[in-house]
Amino acid sequence: MPDTTDLALRGQHLIAGEWTGGGESFASSPAHGPARAFAVGTPALVATACAAAEAAFWSYGSTTRAERAAFLNAIADEIEARAWAITRIGTEETGLPEARLQGERGRTTGQLRLFASHILEGDYLDRRHDPALPDRAPLPRPDLRMIQRPIGPVAVFGASNFPLAFSTAGGDTAAALAAGCPVVVKGHSAHPGTGEIVAEAVHAAIMSCNIHPGVFSLIQGGRRDVGEALVTDPRIRAVGFTGSLAGGRALFDLCARRPDPIPFFGELGSVNPMFLLPEALKARGAEIAKGWAGSLTMGAGQFCTNPGIAVVLDGPDADAFTRAATEALKPVGAQVMLTDGIASAYRQGRDRIAGSTGVQEVLTSMCDRRNATPYLYATTGLEWLANHALGEEVFGPLGLIVRAADADEMEEIAQSLQGQLTCTLHLDAGDTALGRRLMPVLERKAGRVLANGFPTGVEVADAMVHGGPYPASTNFGATSVGTLSIRRFLRPVCYQNMPDALLPEDLRG
């Protein structure tokens, strides 16, 4: 396998089939290996890419499902053909281990192929037909046909924590392309080399499938004005975003203030609380603690579904759980975080929790530079309810145990939650009554409710929901993972008394 120094990276943007550089550049900040220069995006490049996407939509939006499925499969093939290069540059840039990059590449190609199969089946079109009733009194009914149609060009923001599955050709891009929408990607500066190689794969698929080159563009780097230009360009019809609450909310507000407001599908933050009910806590608290420690520290805690909060009933079983969690976390060493900025934000979050009134330090450690080590804190239910800042996400391997006085306070804690991606119940048969009491609250708070598991595995499947009420996401009726995510980039169109020859192909006959 070639060494990473053999990688021939352009350091350029891909704009409608053309590799474009020049102007200002920025240096990547890899976890290890050489820094590389990449061109900086500009509002002018955004305008060019959006104009090309709009031009591509007139042909790509009318392609057959079979043509789009072949295109998605071709992208997956081209990504796999570049497997070694993606893994090598990905590990350099992010510090993630090779096994993680290989698994994430498989998830990326898998969801492209899943969408290819999904659109071939055609159920997502939600086709409906009300035949004409010319003799109906007092008024006849016209012939009405409805189908889901693509909305137009989509902007996608690459995520820092998933250089493949939530970035250049990740879930948002796959869903938009499957729907028939061209995509303009703003690459994340944490992994620009990875983004370039994946963009190269998409470009190769465009060429082999004879697709309009404006169907995909990648703009590297860039300051805030690039993101603002992208979400406010009048040709963009929707935005997919995974990132911070502050950054996502700013872009969301820009989308809402446009002369023609557009949907902003942002995944912004979640603490993913677990509720350990008393029978389960008593019978297998140590086992749950060990599993929690593994989930909490997986990938240095840099998962949007990282379960940062454990809610337990106060008492001896809570003491035993705390001891077991501490022992499980102690051996976990320092892990490299994705960027210096994420590492700094993790330490700031740690300091915020540690400095809060009524918070007890259970396990402390030392982390600096780009490294993260686990921390564990505990507080009471009353302190949690009095301090909303305790419910704000700390992106990294930090856990907080909340000790509720009784079942009523546990339910009050659940009621106090902001919107979450996930909520988890750990329960045994004797906990069913309390579980039933909590379920109406948790299903209102989260997009996914788990029993006796840990939320850090997000299956890419038909039934998956990866979203939730704000601030978990900006549109609680949508998901960014699974086949249902295609609905974000479609809209229903009704055709009244339309001749077959003028109908979309999928409505004819």
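Residues numbered from 1 in each chain as written. Predicted model: local features only at pLDDT ≥ 70, side-chain atom pairs only at ≥ 80, totals over all residues. Heavy atoms only, no water.

Time to look at helix 9 (residues 278-297). The first and last C-alpha atoms of helix 9 sit only 25 Å apart over 20 residues, clearly below the 28 Å expected at 1.5 Å per residue. The sharpest bend along helix 9 reaches about 90 degrees and sits at Arg284. When helix 9 is considered as a whole, its buried residues turn out to be Ala280, Leu281, Arg284, Gly285, Ile288, Ala289, Trp292, Ala293, Ser295, Leu296 and Thr297. At the exit of helix 9 stands Gly299, carrying a positive phi of roughly 60 degrees. (Helix = DSSP H or I, 4+ residues; strand = E, 2+ residues; numbered from the N terminus. Expected span 1.5 Å × (residues − 1). Bend = angle between axes of the 7 residues up to and from the residue. Buried < 20%, exposed > 50% of the residue type's maximum accessible area, 1.4 Å probe, protein only.)

This brings us to the layout of surface pockets. Considering only enclosed or pocket space, the second largest pocket measures out at about 240 Å³ in volume. Residue lining of the second largest pocket: 18 residues in total, with Ser62, Thr63, Arg149, Glu505 and Asp506 positioned closest to the centre. Breaking the lining of the second largest pocket down by element, the ones donating at least two residues are helix 2 (65-81) and strand 6 (144-150). (1 Å grid on protein atoms, 1.4 Å probe; cavity = no way out; pocket = protein on both sides within 12 Å on 5 of 7 lines; lining within 4 Å. Points joined across faces, edges and corners; volume = space filled by probe spheres on them.)

To continue, consider the pairing of strand 11 (residues 264-267). Residues Phe264 and Gly266 line one face of strand 11 and the alternating positions Phe265 and Glu267 line the opposite face, and both faces are buried. Pairing analysis gives 4 bridges linking strand 10 (residues 238-242) to strand 11, with the strands arranged parallel. Its bridge partner lying in strand 11, Gly240 is registered against Phe265. Note that the unit made of strand 10, helix 8 (residues 245-257) and strand 11 has a crossover that is right-handed. (Pairing = 2+ DSSP bridges. Right-handed = clockwise from strand over helix to strand, strands pointing away.)

So, on to the packing of helix 13 (residues 407-416) against helix 14 (residues 432-445). With their axes 9 Å apart at the nearest point, helix 13 and helix 14 run at an angle of 10 degrees to one another. Overall, the two elements helix 13 and helix 14 adopt an arrangement that is roughly parallel. The residues of helix 14 that touch helix 13, namely those facing Ala407, Asp408, Met410, Glu411, Ala414 and Gln415, are Leu434, Arg437, Leu438, Val441, Leu442 and Lys445. Per-class residue counts for the contact of helix 13 with helix 14 are 7 nonpolar, 1 polar and 4 charged. (Axes fitted to C-alpha atoms, helices over the stretch in contact; angles between N-to-C directions. Parallel < 35°, antiparallel > 145°, perpendicular 65-115°, else oblique. Contact = heavy atoms within 4.5 Å. Nonpolar A, V, L, I, M, F, W, Y, C, P; charged D, E, K, R; others polar.)

Judged by nonpolar contacts, the single largest core of 96 residues is most densely connected at Phe275 and Phe489. Counting 23 residues, the second-largest nonpolar core is a separate cluster that includes Ala53, Ala229, Val231 and Ile262. (Core = buried A, V, L, I, M, F, W, Y, C linked by side-chain atoms within 4.5 Å.)

The next thing to look at is the environment of Gly214. Along the chain, Gly214 falls in the loop between helix 6 (192-209) and strand 9 (216-219). Accessibility expressed as a relative area gives 0% for Gly214, which makes it buried. As a C-alpha pair, Gly214 and Ala53 span 161 residues in sequence and 4.7 Å in three-dimensional space. Those residues in contact with Gly214 that lie beyond four places of it in its chain are Ala16, Ala52, Ala53, Ala56 and Pro182.

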